[in-house]
Amino acid sequence: MKQPYEKNGIIVDPVTVRNGDNLKITYDGLLAQAGAAHVYLHIGEGENFFNVQDVKMEKIGPNKFEATVHVQPTGETVNFCFKDCANNWDNNYGRNYVLATPYQQH
């Protein structure tokens, strides 16, 4: 399946999230390119971010970060965005980044 946010510097695996998946997100987007020392993944269910998690991403290269999170979505989408230590956000211009979920159990 096509990467929906590759042009924003985001690679997700898997692209469609099922309940119980480990979701790997690699980020070299806006904040990373601006030289952020630390990037945090802010992820939750639906546009209101239910069951929110804030995860410090691991720096895996120059201007590149990665995090793996366990997700258990019960709704139609998993939404996420990124922030740095200075509280700058990369939230896709206020739309956040959204992954579909078939709302099914493994």
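Criteria and cut-off values
Residues numbered from 1 in each chain as written. Predicted model: local features only at pLDDT ≥ 70, side-chain atom pairs only at ≥ 80, totals over all residues. Heavy atoms only, no water. Helix = DSSP H or I, 4+ residues; strand = E, 2+ residues; numbered from the N terminus. Rg over C-alpha atoms; globule rule 2.2 N^0.38 Å. Buried < 20%, exposed > 50% of the residue type's maximum accessible area, 1.4 Å probe, protein only. Core = buried A, V, L, I, M, F, W, Y, C linked by side-chain atoms within 4.5 Å. Polar contact = N/O pair within 3.5 Å; in protein donor to acceptor, adjacent residues only side chain to side chain. Contact = heavy atoms within 4.5 Å. Pairing = 2+ DSSP bridges. Axes fitted to C-alpha atoms, helices over the stretch in contact; angles between N-to-C directions. pLDDT = per-residue confidence, 0-100.

Student: Where do I start with the overall build of the protein chain in this structure?
Tutor: Tallying secondary structure elements over the protein chain gives one helix and nine strands in all. Along the protein chain, helices (α) and strands (β) appear in the sequence β-β-α-β-β-β-β-β-β-β when read from the amino end. At 13 Å, the protein chain has a C-alpha radius of gyration in line with the 13 Å of a compact globule built from 106 residues. With respect to the three principal axes, the spread of C-alpha positions in the protein chain is 40 × 25 × 20 Å. Buried residues in the protein chain amount to 42% of all 106 residues.

Student: Explanation requested: the nonpolar core in the structure shown.
Tutor: Burial of nonpolar side chains together is a common tendency in soluble globular proteins. Formed by 25 residues in total, the largest nonpolar core has its most connected members in I25, L41, F80 and F82. Sorting the residues of this core by element identifies β1 (10-13), β2 (22-27), α1 (30-33), β3 (39-45), β6 (64-70), β7 (77-84) and β9 (97-100) as the ones contributing at least two each.

Student: What's the story with the side chain of T26 in this structure? I'm lost.
Tutor: Within the fold, T26 resides in strand β2. What makes T26 buried here is its relative accessible area of 12%. Engagement of the side chain of T26 in a polar contact is seen with the side chain of E66, the distance being 3.0 Å. Setting aside its immediate chain neighbours within four residues, T26 contacts G9, I10, I11, I60, K64, F65 and E66.

Student: Even after reading the chapter, I still don't get the sheet that holds strand β5 (residues 58-61), so can you show me in this structure?
Tutor: In any sheet, the strands associate via hydrogen bonds between backbone groups, in a parallel or an antiparallel arrangement. The four strands lie next to each other as β1-β2-β6-β5, forming an open sheet whose pairing is antiparallel. Each edge of the sheet is formed by a strand with only one pairing partner; in this case those strands are β1 and β5. Here the strands of the sheet are splayed against their neighbours by 25° on average, with no regard to which way each runs.

Student: What should I look at first to understand the confidence of the model for the protein chain in this one?
Tutor: In low-pLDDT segments, the atomic positions of the prediction should not be examined closely. Averaged over every residue, the pLDDT of the protein chain is 92; residues scoring 70 or more account for 97%. Within the protein chain, no element has a lower average pLDDT than β9, which sits at 93, and none a higher one than strand β8 (residues 89-90), at 98.

Student: Explain unusual backbone geometry here, please?
Tutor: What you tend to see is this: most non-glycine residues have negative phi, and most peptide bonds are trans. That bond from D13 to P14 is cis: its omega, 5°, falls within 30 degrees of zero. Mapped onto the secondary structure, P14 falls in the loop between β1 and β2. Even without glycine at this site, N51 takes up a positive phi of about 50°. Along the polypeptide, N51 turns up in strand β4 (residues 50-56). Since its relative accessible area comes to 58%, N51 is described here as exposed. A positive phi angle is found at N96, which is not glycine, with a value near 60°.

Student: Explanation requested: the pairing of β1 in the structure shown.
Tutor: Along β1, the buried face is formed by I10 and V12; none of I11 and D13, which line the opposite face, is buried. Of the strand pairs in this sheet, β1 and β2 are connected by four bridges, and their pairing is antiparallel. When the sheet's bridge partners are listed, I10 is paired in β2 with Y27.

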